[in-house]
Amino acid sequence: MSQPPSQPELSASAKATGSRRLSVLLAMAMFVLVVDTSIMNVSITAVARDLEATVSSIQSAIALEALVSAAFILISSKLGDLMGRKRAYVLGLLAYAIGALAMTLTQSVAPIVIFWAIIGGFGASLLLPAMQSLIHGNFEGAAQKKTYALVGASAAVGAAIGPLLGGFVTTYMSWRVGFGLEVVIIAIVLSQMRLVVDVPFTGQRKIDTVGAVLSVLGMGGVVLGILVWQEGGEFVLLLMAVGAVALGSLARWLVRRTREGKVALLDPDLFTLANFRIGASAMVLQQIALGGAMIALPLYLQVTLEYNAMQAGLSLAPLSLTMFAVALLAGKMAGDRRPASIIRMGFGLAFVGMVLVIPVIPRGESGWALLVPLLIAGSGLGLLVSQLNNYILAPIEEERISEAAGVNSAGQSFGLSFGLAVAGGLLLAALSSGFITMTEASGGVPPADQERIAVALEDNAQLVSTTQLEELLTDQPTRIRDEIIRINTDAGDLALQVAMIVPALACLLGFLNSFRMTRLPDHRPSAAVEGVLAG
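Residues numbered from 1 in each chain as written. Predicted model: local features only at pLDDT ≥ 70, side-chain atom pairs only at ≥ 80, totals over all residues. Heavy atoms only, no water.

Quick look at the overall build of the protein
Each helix and strand counted, the protein has 18 helices and zero strands in total. Classification of the 535 residues of the protein by burial places 57% in the buried group. Nonlocal contacts in the protein, meaning residues at least 24 apart in sequence, comprise 86% of its contacts between residues at least 6 apart. Carbon together with sulfur atoms contributes 64% to the accessible area of the protein, which is approximately 21,400 Å² in total. (Helix = DSSP H or I, 4+ residues; strand = E, 2+ residues; numbered from the N terminus. Buried < 20%, exposed > 50% of the residue type's maximum accessible area, 1.4 Å probe, protein only. Contact = heavy atoms within 4.5 Å. Areas by Shrake-Rupley, 256 points an atom, 1.4 Å probe, with all protein chains shown as cover.)

Structure follows, in structure tokens:
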């Protein structure tokens, strides 16, 4: 999910002439970025059914989009500095529109991967840093704070109502209509780009090419390896090894470049600040939890309970709406409470909520069974949203906020893609293993057919609803058909429970990490950071 912009370093000569209409247009663009993923999540089975694709292939596309955004956001920020922030913003919007248009017209998965995930993900990596610069350069004083607040609010509202909006459009019209509306909104924003004053860049006009390549290879290799494993591909360990080596090499390269006084992709000294380092790791864990839940929960609702997109959106609403409401209230009512203590409470509640989902999966007969767990998890995530950005950026000097915010955004996107990929991979691995074990132990399947059915189920391991499976087994004897349906149901429930371990474990690690945060001093954010966090 895309994050609201934060404030960058800019030339003092930038002329602030922004209008209220420009504020609304920037907010509209941010709303599209956030809602886009929500539409895909609640319509995942509808997209797979219409394109005659597997659910896992659509899952992989969602994770890939977040990965591309994470891998390129640091270098895209620098590209925006060199080509001009307004041009970068326009190119980002065009790339995102291409992805949305491809979703509207596609007849197969390939255009989703190429245009929505890769080109659209790259567009998001251009959009967010450019939006930061344009807000700061086109507005000043109270108008700037109001614009940050409006754009931040549009992101929050998009996250809150996205599942409902996506569910409504998908159920009563088509998921294609939802993406088509995104194209219309982006076209409106682009038609008004004359209102935007470009923001000049006065820093060094050089790019750390080696650092950029290592960053892309590092984040890309790790997550892409997991996605290839999820799809049953080869060279999984090689891809992950390349990613791990690239990340290690990136760390050494950045230290060397900084020591030599040369341009580096980012300043490694940021990570010497304990609040930033530990806070950023907490943010990554929060996004891993969100990514894991975004895989398991929609699939449980749409495959196991066979809900349509609207019903799935309504069932997920307690999570998104509670998260939005608690974040809003906690930000205003925190008082003298330490941010680290609120963060610890947030991870604790999120952990309890995620754990409570696990026993619901094989027992729940409707989305109402998820109500209490999602209210608890949403409350915890809302507390995290209200405090983490403040905790991470508060100790950063004003001239380094842009760089710190970029690293934080990259970490968030990487955490989201990692959570999506790991949860999806574990889900399919558990599903495949469950098929084999349960078929071989079954008394309802003749021994002569057990191996054949087990191999077939393993090779085509996908979450399939009972109704879909019944249609596929119409020519089978009743006893065998009923037994295969039972195995599919039990294996599917087990796989979803395994997938939910990912967000639960991430929340637990975040809770333990928060004890380190409480031992660190609190920092009062600078005026620049307060402007960023006004939204």
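Still to come is the rest of the account.
Concerning the packing of helix α14 (residues 401-440) against helix α17 (residues 478-518)
Where α14 contacts α17, the two axes come as close as 8 Å, and the packing angle between them is 150 degrees. Taken together, the axis directions place α14 and α17 in an arrangement best described as roughly antiparallel. α14 and α17 meet at a crossing whose hand is right-handed. The segment α14 lies against α17, with G419, V422, A423, L426, L427, A430, L431, G434, F435, M438 and T439 engaging I487, N488, D490, A491, G492, L494, A495, L496, V498, A499 and V502. Here the contact of α14 with α17 is composed, by residue class, of 16 nonpolar, five polar and one charged. (Axes fitted to C-alpha atoms, helices over the stretch in contact; angles between N-to-C directions. Parallel < 35°, antiparallel > 145°, perpendicular 65-115°, else oblique. Left-handed = near helix turned anticlockwise from the far one by under 90°. Nonpolar A, V, L, I, M, F, W, Y, C, P; charged D, E, K, R; others polar.)

Description of the nonpolar core
The biggest cluster of nonpolar side chains holds 145 residues, and the ones touching the most others in it are M40, Y89, I112 and L297. Leave out the neighbours within four places in its chain, and M40 touches V47, I58, I62, M103, I112, W116 and F179. (Core = buried A, V, L, I, M, F, W, Y, C linked by side-chain atoms within 4.5 Å.)

Some details on the packing of aromatic side chains
Pairs of aromatic rings are described using the distance from one ring centre to the other and the angle between the two planes. If you walk through the whole model with that rule in mind, you get six aromatic pairs. Between F72 and F122, the ring centres sit 5.5 Å apart and the planes meet at 90 degrees, which makes this aromatic pair edge-to-face. Of this pair, F72 sits in helix α3 (residues 55-83) while F122 sits in helix α5 (residues 109-138); the two residues are 50 residues apart in sequence, bridging distant segments of the chain. Its relative accessible area of 29% is what places F122 among the partly exposed residues. Judged by centre distance (6.5 Å) and plane angle (80 degrees), the rings of W175 and F179 are edge-to-face. (Phe/Tyr/Trp six-rings, centres within 6.5 Å; stacked < 30°, edge-to-face > 60°.)

Quick look at the packing of helix α1 (residues 20-42) against helix α7 (residues 175-191)
With their axes 10 Å apart at the nearest point, α1 and α7 run at an angle of 165 degrees to one another. Between α1 and α7, the angle is such that the two are roughly antiparallel. Crossing angle aside, the handedness with which α1 passes α7 is left-handed. Note on element contacts: α7 touches α1 through G178, F179, E182, I185, I186, I188 and V189, opposite L25, M28, A29, V32, V35, D36, I39 and M40. For the contact of α1 with α7, the class distribution of residues is 12 nonpolar, one polar and two charged.

Some details on unusual backbone geometry
Here the phi dihedral of E52 falls at roughly 55 degrees; this positive angle occurs in a residue that is not glycine. As for its position among the elements, E52 is in the loop between α2 (44-50) and α3. Judged by relative accessible area, E52 falls into the exposed class, the value being 76%. The backbone phi angle of E306 is positive, close to 55 degrees, even though this residue is not glycine. On the secondary structure map, E306 appears in the loop between α10 (274-304) and α11 (309-333). Classification of E306 by relative accessible area gives partly exposed; the value is 34%.

Some remarks on the pattern of salt bridges
Under the criterion given, the structure shown has five salt bridges. Note that R486 and D490 form a salt bridge whose closest N and O atoms lie 2.9 Å from each other. Taken as a pair, R486 and D490 lie in helix α17 at a separation of four residues, close to a single helical turn. Here D490 falls in the partly exposed class, since its relative accessible area comes to 31%. A cluster of three or more residues bridged by salt bridges with shared partners is formed by R256, E260 and K262. (Salt bridge = Lys/Arg side-chain N within 4 Å of Asp/Glu carboxyl O.)

What to know about helix α6 (residues 141-172)
Between its terminal C-alpha atoms α6 stretches 44 Å, which fits the 46 Å expected from 32 residues at 1.5 Å a residue. Along α6, the sharpest kink reaches roughly 55 degrees, centred on I161 and followed within four residues by the proline P163. (Expected span 1.5 Å × (residues − 1). Bend = angle between axes of the 7 residues up to and from the residue.)

Quick look at a nonpolar patch on the surface
Together, I501, L505, L508, L509, L512 and F515 make up an exposed nonpolar region whose accessible area comes to about 500 Å². Positionally, L508 belongs in helix α17. (Patch = residues over 30% accessible without salt bridge, like charges linked within 9 Å, V, L, I, M, F, W, Y side chains within 5 Å.)

Quick look at the confidence of the model for the protein
In this model, the protein carries a mean pLDDT of 84, and residues with pLDDT of at least 70 account for 87%. Counting interchain partners and residues more than four positions distant, the pLDDT-below-50 stretch residues 4-16 has 49 contacts. (pLDDT = per-residue confidence, 0-100.)

As for the side chain of D208
With respect to the element layout, D208 can be found in the loop between α7 and α8 (209-230). Polar side-chain contacts of D208 include one of 2.9 Å to the backbone nitrogen of L265. The residues touching D208, leaving out its near neighbours within four places in the chain, are W253, L254, R257, V263, A264 and L265. (Polar contact = N/O pair within 3.5 Å; in protein donor to acceptor, adjacent residues only side chain to side chain.)

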